[in-house]
Amino acid sequence: MSIKPRLCLIEDDEIMGESLSERFELEGFAFDWHRCCADAVPGLRAGAYAAVLSDIRLPDMGGDELYLSLQREGLSLPPWLFVTGYGAIDRAVELLKAGATDYMTKPFDLDALVDKLGDWLVAPRGDSGAARLGVSAAMRHIETLLPRIASQARTVLVSGESGVGKEVVARELHRLADASGKAPFIAVNCGAIAEPLLEAELFGHEKGAFTGAHRARQGVFEQADGGTLFLDEIGDMPLAMQVKLLRVIQERSIVRVGGERAIAVDLRLICATHRDLRELVEEGRFREDLFYRIHVIQLKIPPLRERRDDIVWLARRLLEAWCRDHPQARKRLSPPVEQALLMHQWPGNVRELKHAIERACILSEGTELALDALFDTPLPGDLLQDDTAEGLASYLQSCERAYLVKVLEANDWQMTRSAAALGISRKNLWERMKRLGVSAESDGKAAG
């Protein structure tokens, strides 16, 4: 059994400490709150912590003194993040040079702090800690929530634009909940089934229930018994059917069309929608009682254009999957193609990206995906600068450089975090920075 990574919080301010503790508990972080340095020393010497969040000004000794003294003892210290007031920034910079990982100035952005700590405190998963949903902060956060949701929630709502990957999230939730690996996962699109057929599809029917019902048939609720039922586009469900769905959720049993006997069902229900259900409730097109029944736990999946860190990471995974299915025609991404992917707005989200990769794999003749094979429509004129390969390459290289600097700045020029955000290795990031002439000394100062 794996031990959950633990955070050491050293903070003497009661209000600040309580505020941080409440947020850490909501995030599911394991942590110990120490009011002074002396209380934290035994655990730090024992290697009990995966990360440290420490104020610099503390009652018994400075957090900086504690860090340097432990360092002098020859201890292998975990990632260490200092919190400091504006007047002590110079000291914080000195600590970074001495080996500390990062610092934040008060008042700080709590969400940004949680993102930093989350990089160090998320426990490894089954495949050596590899991300399964994405490398962006938004998707990493969702991924950290799923284990707790899988163990406790029986009804979950997943929302987001069409094509963002709502079913992928639902399947990951099911995987985490299914210890045996044998429980069923049944997916149904409520908007794709004609209203007269929807009830029989959901709840099944008895023999002779209607014309053509020559034998009894299980509906998807029965088929998913013991596992997960994924009802996509729940916002398109007719009002009359919403009443029956509400009853099933409350009673955990169904009655087949043409039947009288209640049949118990034990399953996890995951509903998904691209619509704003609150608006539908206000318009009288979605039942308010059903809304509150399925809205206990909601996961909002951002559109791909708002989590651009995931684009290249997803493209590589999609390309790897295609190459596994077509080993005789392996392809690879080139930097210009990666930049074209990053510049596209992806109105169709991950689904559109998947189709673009498949299209390019089929239409590209060489081993690299061709730029003009990515999209159905021609590339924008600004990408076809001077209609020359040299002009295009130069333009895309400048875009790649600008994007690389932007990601590095967003991650405070920390190589490990920046590489994770880009979906590449530290070595790959270093090679790209060298090729494009990017450095913290020149670009970091220019940005500041």
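Before reading on, note that the structure itself is shown above.
Residues numbered from 1 in each chain as written. Predicted model: local features only at pLDDT ≥ 70, side-chain atom pairs only at ≥ 80, totals over all residues. Heavy atoms only, no water.

### A few points about the packing of helix 13 (residues 309–325) against helix 14 (residues 335–343)
- Two elements in contact, helix 13 and helix 14, have axes whose closest approach is 9 Å; the angle formed by their N-to-C orientations is 125°. The orientation of helix 13 relative to helix 14 falls into the category oblique. Taken as a pair, helix 13 and helix 14 cross one another with a handedness that is right-handed. Residues Ile311, Val312, Ala315 and Arg316 of helix 13 form the contact with helix 14, whose participating residues are Glu338, Leu341 and Leu342.
- The class makeup of the residues in the contact of helix 13 with helix 14 is five nonpolar, no polar and two charged. (Axes fitted to C-alpha atoms, helices over the stretch in contact; angles between N-to-C directions. Helix = DSSP H or I, 4+ residues; strand = E, 2+ residues; numbered from the N terminus. Parallel < 35°, antiparallel > 145°, perpendicular 65-115°, else oblique. Left-handed = near helix turned anticlockwise from the far one by under 90°. Contact = heavy atoms within 4.5 Å. Nonpolar A, V, L, I, M, F, W, Y, C, P; charged D, E, K, R; others polar.)

### Things to note about the sheet that holds strand 4 (residues 80–84)
- The strand order across the open sheet built from five strands is 2-1-3-4-5, with neighbouring strands paired in parallel fashion. Single-partner strands in this sheet number two, and they are strand 2 (30–34) and strand 5 (102–105). Adjacent strand axes in the sheet meet at a mean angle of 15° when their direction is disregarded.
- Looking at chain direction, strand 3 (residues 51–55) and strand 4 are connected through four bridges and run parallel. Across the sheet, residue leucine 53 finds its bridge partner in strand 4, namely leucine 81.
- On top of the sheet, helix 1 (residues 14–27) reaches strand 1 (6–10), strand 2 and strand 3; it is set at about 175° to strand 2, its chief contact.
- Against the sheet, helix 3 (residues 63–72) contacts strand 1, strand 3 and strand 4, and its axis sits at roughly 160° relative to strand 4. (Pairing = 2+ DSSP bridges.)

### Structural notes on the pattern of salt bridges
- Considering all chains together, one arrives at 20 salt bridges under this definition.
- Across the pair arginine 6 and aspartate 32 runs a salt bridge whose closest N-O atoms are separated by 3.1 Å. In this pair, arginine 6 is assigned in strand 1 and aspartate 32 in strand 2, connecting sequence segments 26 residues apart.
- With a shortest N-O distance of 3.0 Å, aspartate 310 and arginine 307 are connected by a salt bridge. Across this residue pair, the class does not change: aspartate 310 and arginine 307 are buried. (Salt bridge = Lys/Arg side-chain N within 4 Å of Asp/Glu carboxyl O. Buried < 20%, exposed > 50% of the residue type's maximum accessible area, 1.4 Å probe, protein only.)

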